[in-house]
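# An overview of the molecular structure
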Amino acid sequence: MDTNNANTNQNNSRIIKEKILVYGITGLVGSQIGQKLRSRFKIIAPTHRQLDLTNTKKVLEHLNDVKPDQIVYAAGLTKIDEAEKYPDSSDLLNFKVVATIAKEAIKLRIPVHYISTDAVFDGTKKGRLYKESDKPKPLSIYGKSKLKGEKIVLSSSKNNSVIRTIMVYSSNYAYKSDFVRLAYQKLKNKKGLEGIEDQTINPTFVNDLVFAISLILKNHAKGIYHVAAKDFTTNYLFLKKIAEVFKFDSSLITKVKFKDF
């Protein structure tokens, strides 16, 4: 018997994975964190049915029972139009729930990582990409609620982080349609689409975002991080590219200015 190999196997079996509590496991980003990071971390991920985030008492009880090593908040109201229609819900899920979790996490000394958005900026910067040091200026109710969530997370503890991303898409996620698959379905069904021609975007593949999140968790990183694709385009040209790749009729896509959209 090779005692060296036996000892190595025993040591590997004793490696304790960090316990990561993920809120929003049924969402696009949360689901991929659950799937892709389970081999590296012990993922604790209650669904909405298992834990209603609007029930403060239950959330605090669950957090104290689990006592994770780190928290990822990937939950919240993410649809801009829905946030405009239901501003109270947007504020509740993107800020107030986060505030409750962040304040309790301070007592337990648990870092919180908040998944945020490019919508905290007004999108008018020209000539270069937004930097982490740029001053936010949200225009939408959604962006304003996310910025409030960012501020409470960062002010609660110096060990917390904010991860801003933009237009996340996946290759296949059955429970929620992202921009790419919504566009795909509309073009496939020969329905018209408007594409913004004067706003730069960085469509971000969800796997790349999750890889970055894994590094942030591994290194217990803190502060603000912009995580997005390096290459950029416009909303209009991105739609054109989708039509080209899947051989759809690109004449269904019309140009629109950001202010009109």
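It should be noted that the structure appears before, not after, this text.
Residues numbered from 1 in each chain as written. Predicted model: local features only at pLDDT ≥ 70, side-chain atom pairs only at ≥ 80, totals over all residues. Heavy atoms only, no water.

## Here's the deal with the pattern of salt bridges
The condition that has to hold: Every case where a carboxyl oxygen of Asp or Glu lies within 4 Å of a side-chain nitrogen of Lys or Arg is listed as a salt bridge. A run of H or I in DSSP becomes a helix once it reaches four residues, and a run of E becomes a strand once it reaches two; helices and strands are each numbered from the N terminus.
If you walk through the whole model with that rule in mind, you get five salt bridges. The partner of Lys-107 in a salt bridge is Glu-104, with the nearest N and O atoms 3.4 Å apart. Separated by three residues within a single helix, Lys-107 and Glu-104 lie in helix H5 (residues 87-108), roughly one turn from each other.

## Here's the deal with the nonpolar core
Defined as follows: Within this scheme, the nonpolar core is defined by two criteria: the residues are buried Ala, Val, Leu, Ile, Met, Phe, Trp, Tyr or Cys, and they are joined through side-chain atoms within 4.5 Å. Exposure categories follow from relative accessible area, calculated using a 1.4 Å probe and restricted to protein chains: below 20% of the type maximum is buried, above 50% is exposed, and the middle band is partly exposed. Contacts are residue-level and defined by heavy atoms, with any inter-residue pair within 4.5 Å sufficient.
In this structure, Ile-33, Val-72 and Ile-213 are the most contacted members of the largest nonpolar core, which totals 23 residues. Of all the secondary structure elements, the ones that give two or more residues to this core are strand S1 (19-23), helix H2 (28-36) and helix H8 (206-218). The greatest single-element share of this core, amounting to seven residues, is contributed by H8. The contact partners of Val-72, leaving out residues within four places of it in the chain, are Ile-20, Leu-21, Val-22, Tyr-23, Ile-33, His-113, Ile-115 and Leu-217.

## What about the packing of aromatic side chains?
To be explicit about the condition: The pairing test for Phe, Tyr and Trp rings, Trp by its six-membered ring, is centres within 6.5 Å, and the orientation test on the planes gives stacked under 30 degrees, edge-to-face over 60, and tilted for anything in between.
Following the criterion strictly, the structure yields nine aromatic pairs and no others. Between Tyr-169 and Phe-205 the ring centres are 5.6 Å apart and the planes differ by 40°, which places this aromatic pair in the tilted class. One end of the pair, Tyr-169, is in strand S6 (residues 168-169); the other, Phe-205, is in strand S9 (residues 204-205), and 36 residues separate them in sequence. For Phe-205, a relative accessible area of 24% corresponds to the partly exposed category. Arranged with centres 4.8 Å apart and planes meeting at 75°, the rings of Tyr-184 and Phe-246 form a pair that is edge-to-face.

## Some details on the side chain of Thr-117
Convention followed: Counting of polar contacts relies on pairs of N or O atoms within 3.5 Å, with two restrictions inside protein: one atom must be capable of donating a hydrogen and the other of accepting it, and residues adjacent in sequence are counted only when both atoms are side-chain atoms.
Checked against the element boundaries, Thr-117 lands in strand S4 (residues 112-117). In terms of polar contacts, Thr-117 uses its side chain to reach the side chain of Asp-118, at 3.3 Å.

## Observations concerning the pairing of strand S3 (residues 70-73)
Successive side chains on a regular strand alternate, one facing one side of the sheet and the next facing the other. Worth spelling out the cut-off: Should DSSP find at least two bridges between two strands, the strands are regarded as paired.
Alternating positions in S3 separate into two faces, Gln-70 and Val-72 on one and Ile-71 and Tyr-73 on the other, with burial throughout. Here S1 pairs with S3 via four bridges, running parallel. The residue of S3 that forms the bridge with Leu-21 is Ile-71. Pairing geometry for S3 and S4, over three bridges, is parallel. Bridged to Tyr-73 within S4 is Tyr-114.

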